[in-house]
Amino acid sequence: FFFELIASNMMLKAGTQQMQGSGLRASASPRTMMMPAQLRATQQAALPSRPALVKQDISGQHAQRAALQVRRAAATEAPSKAEGAARPIFPFTAIVGQEEMKLSLILNVIDPKIGGVMIMGDRGTGKSTTIRALADLLPEIQVVAKDAFNSDPSDPEVMSEEIRMRLKAGEQLPVESMKIPMIDLPLGATEDRVCGTIDIEKALTEGVKAFEPGLLAKANRGILYVDEVNLLDDHLVDVLLDSAASGWNTVEREGISISHPARFILVGSGNPEEGELRPQLLDRFGMHAQIGTVREPELRVQIVTQRSEFDENPAAFRKDYLESQNALTNKIVEARKLVKQAEVPYEYRVKVSQICSELNVDGIRGDIVTNRAAKALAAFEGRTEVTPGDIYRVIPLCLRHRLRKDPLAEIDSGDKVRETFKAVFDLE
């Protein structure tokens, strides 16, 4: 009898699971199944039929799908509305003071081969505001249409491999204009997001190198901005160092290798209270600007007033500075053309190298950056010949961050560089 009872319980459990799998919502237990036949028939009659349950489930699924589609439509509609009303940017020409920072940014736009700029200063001094305001001043460049790497249609050095092969095949490349891109690199970005990823499955099944470009691809021929760069993870710092040094980004996954041009202006900002940069990364920045808090009460009041007016009515505030913004943009465009004709006299180049030697600057990068920055400044002012005044204005920005030998030491304010310059150029 005992074994028969166990066998009947097992059969009842199997029947219950079969009923649940068929879509019935009744949870029949062994005790329920052991009820008198008349009571079981009454309970089963009270349950809805299987077709009715199936119909209810199907209608419920349709309702869930409809709700999901509505949510997706709302999610896609929100970004489109946000894109239509772009976030207003504070005008570059309205920024008060901080001349070192503004000059460094403008010179890098004129000649991207200067190598970028590192901006260090106290919190709340307008570092991020000034850098993002530069986006309004960026001129347009010619790129190959529908190319993910912003390839230059005439310069093979900044062409992707695909565009170079198309050009060698004699294909007429479609060309379009776009503003110099400015890409933000968030601190929490992963290496795949920065470098790009390779679709291994597609590569193995179809034999095609399917590459999803990262931020370095989008920043090619543009500006890569890293806020709080001194807090960036070490592995991302290494990636930036490699790309900034070679001008190319190489992604290797499972024996598949893809390279693309990654020539960008590296712009970083940070607060020295949160720590200094590694010397290897600091040396990669062509220029270094130090900014401090404005102390003059009149200037502070002017800054507060301008910010309040901008927050109340950004469109009207930007309209007031539209003319000066356009004038500065045109000046930068002309300087980008003129910088190719600018020259530094030989005697001045010798003196620049002498200054670097007396300051014990490691490497030759300081000499190169100083000459390039001086030519960019001369072109910005509409000249083709560099003067000692041009060198005097840019050399502290190019050398001050290269004098630090001890990682724990502070960066020179520029006074030591200026004193050496005056001694070498025989100026009082």
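Residues numbered from 1 in each chain as written. Predicted model: local features only at pLDDT ≥ 70, side-chain atom pairs only at ≥ 80, totals over all residues. Heavy atoms only, no water.

Here the focus is the pattern of salt bridges. Under the counting rule described, the total for this entry stands at 14 salt bridges. A salt bridge links Asp 111 to Arg 372; the nearest nitrogen and oxygen atoms lie 3.3 Å apart. With Asp 111 in the loop between α5 (99-110) and β1 (117-121) and Arg 372 in helix α17 (residues 365-380), this residue pair connects regions lying 261 residues apart in the sequence. Accessibility expressed as a relative area gives 9% for Asp 111, which makes it buried. Take Arg 372: its relative accessible area is 26%, and that puts it in the partly exposed class. Here Asp 415 ties to Arg 418 by a salt bridge, and the two come within 3.3 Å at their closest N and O atoms. Residue Asp 415 and its partner Arg 418 are located together in helix α19 (residues 415-424), separated by three residues, close to a single helical turn. (Salt bridge = Lys/Arg side-chain N within 4 Å of Asp/Glu carboxyl O. Helix = DSSP H or I, 4+ residues; strand = E, 2+ residues; numbered from the N terminus. Buried < 20%, exposed > 50% of the residue type's maximum accessible area, 1.4 Å probe, protein only.)

Hydrogen bonds between backbone groups are what pair the strands of a sheet, and the pairing can be parallel or antiparallel. Spatial strand order, β4-β7-β10-β1-β11: five strands in an open sheet with parallel pairing. At either margin of the open sheet sits one strand with a lone partner, and together these are β4 (182-184) and β11 (287-291). Mean inter-strand twist for the sheet, computed between neighbouring axes without regard to direction, equals 20°. Two strands pair when backbone bridges link them, and β1 and strand β10 (residues 265-270) are joined in this way by four bridges, in the parallel orientation. In the strand pairing of β10, Val 117 is matched with Val 267. Strands β1, β7 (223-227), β10 and β11 of the sheet are contacted by α5, whose axis makes an angle of about 155° with β11. (Pairing = 2+ DSSP bridges. Axes fitted to C-alpha atoms, helices over the stretch in contact; angles between N-to-C directions. Contact = heavy atoms within 4.5 Å.)

Within the secondary structure, Asn 249 is located in strand β8 (residues 248-253). Of note is the side chain of Asn 249, whose polar atom sits 3.0 Å from the backbone oxygen of Cys 195. The residues touching Asn 249, leaving out its near neighbours within four places in the chain, are Cys 195, Leu 216, Ser 243, Ile 258, Ser 259, His 260 and Ala 262. (Polar contact = N/O pair within 3.5 Å; in protein donor to acceptor, adjacent residues only side chain to side chain.)

Time to look at the pairing of β11. Buried residues dominate β11, accounting for four of its five residues. As paired elements, β1 and β11 share five bridges and run parallel to each other. Residue pairing for β11: Met 118 is matched across the bridge by His 288.

The next thing to look at is the nonpolar core. Leu 105, Leu 107, Ile 110, Met 287 and Ile 391 are the most contacted members of the largest nonpolar core, which has 63 residues in total. If you tally residues by element for this core, the top one is α17, at eight residues. If we skip the residues at most four places from it in the chain, Ile 110 touches Ile 332, Ala 335, Arg 336, Val 339, Ala 376 and Phe 380. Counting residues in each nonpolar core, the second largest holds 33 residues, with Ile 183, Val 239, Leu 241 and Leu 281 among its members. (Core = buried A, V, L, I, M, F, W, Y, C linked by side-chain atoms within 4.5 Å.)

So, on to the packing of helix α18 (residues 388-399) against α19. Two elements in contact, α18 and α19, have axes separated by 9 Å at closest approach and are oriented at 145°. In this structure, α18 crosses over α19, and the sense of that crossing is right-handed. Of the residues in α19, those touching α18 at Pro 388, Ile 391, Tyr 392, Ile 395, Pro 396 and Leu 399 are Val 417, Arg 418, Phe 421 and Lys 422. Tallied by class, residues from the contact of α18 with α19 come to eight nonpolar, no polar and two charged. (Left-handed = near helix turned anticlockwise from the far one by under 90°. Nonpolar A, V, L, I, M, F, W, Y, C, P; charged D, E, K, R; others polar.)

Not every positive phi belongs to a glycine, and Lys 146 is a case in point at roughly 60°. In this structure, Lys 146 sits in the loop between β2 (140-144) and α7 (161-168). The backbone of Glu 228 shows a phi angle near 55°, a positive value even though the residue is not glycine. You can see Glu 228 is positioned in the loop between β7 and α11 (234-246). Residue Glu 228 is classed as partly exposed on the basis of its relative accessible area, which comes to 22%.

Averaged over every residue, the pLDDT of the protein chain is 77; the share at 70 or more is 75%. Summarising per-element confidence for the protein chain, the mean pLDDT is lowest in helix α4 (residues 50-84) (41) and highest in α17 (94). (pLDDT = per-residue confidence, 0-100.)

Let us look at α19. Buried residues of α19: Val 417, Thr 420, Phe 421 and Val 424, and no others. Take α19 and look down its axis: the buried residues cluster within an arc of 105°, on one side only. Exposed and facing more than 90 degrees away from the buried side of α19 are Glu 419 and Ala 423. Residues of α19 that are buried in the fold lie against α16 (346-358) and α18. Residue Asp 426 follows α19 closely and has a positive phi angle near 55°. (Arc of directions from axis to C-beta.)

Remark: α16 packs on α19, axes separated minimally by 10 Å, with the N-to-C direction vectors making an angle of 130°. Viewed along their axes, α16 and α19 adopt a mutual orientation that is oblique. Considering the relative orientation of α16 and α19, their crossing is right-handed. Residue-level contacts link Lys 351, Gln 354, Ile 355 and Glu 358 of α16 to Thr 420, Phe 421 and Val 424 of α19. In terms of residue class, the contact of α16 with α19 is made up of three nonpolar, two polar and two charged. (Parallel < 35°, antiparallel > 145°, perpendicular 65-115°, else oblique.)

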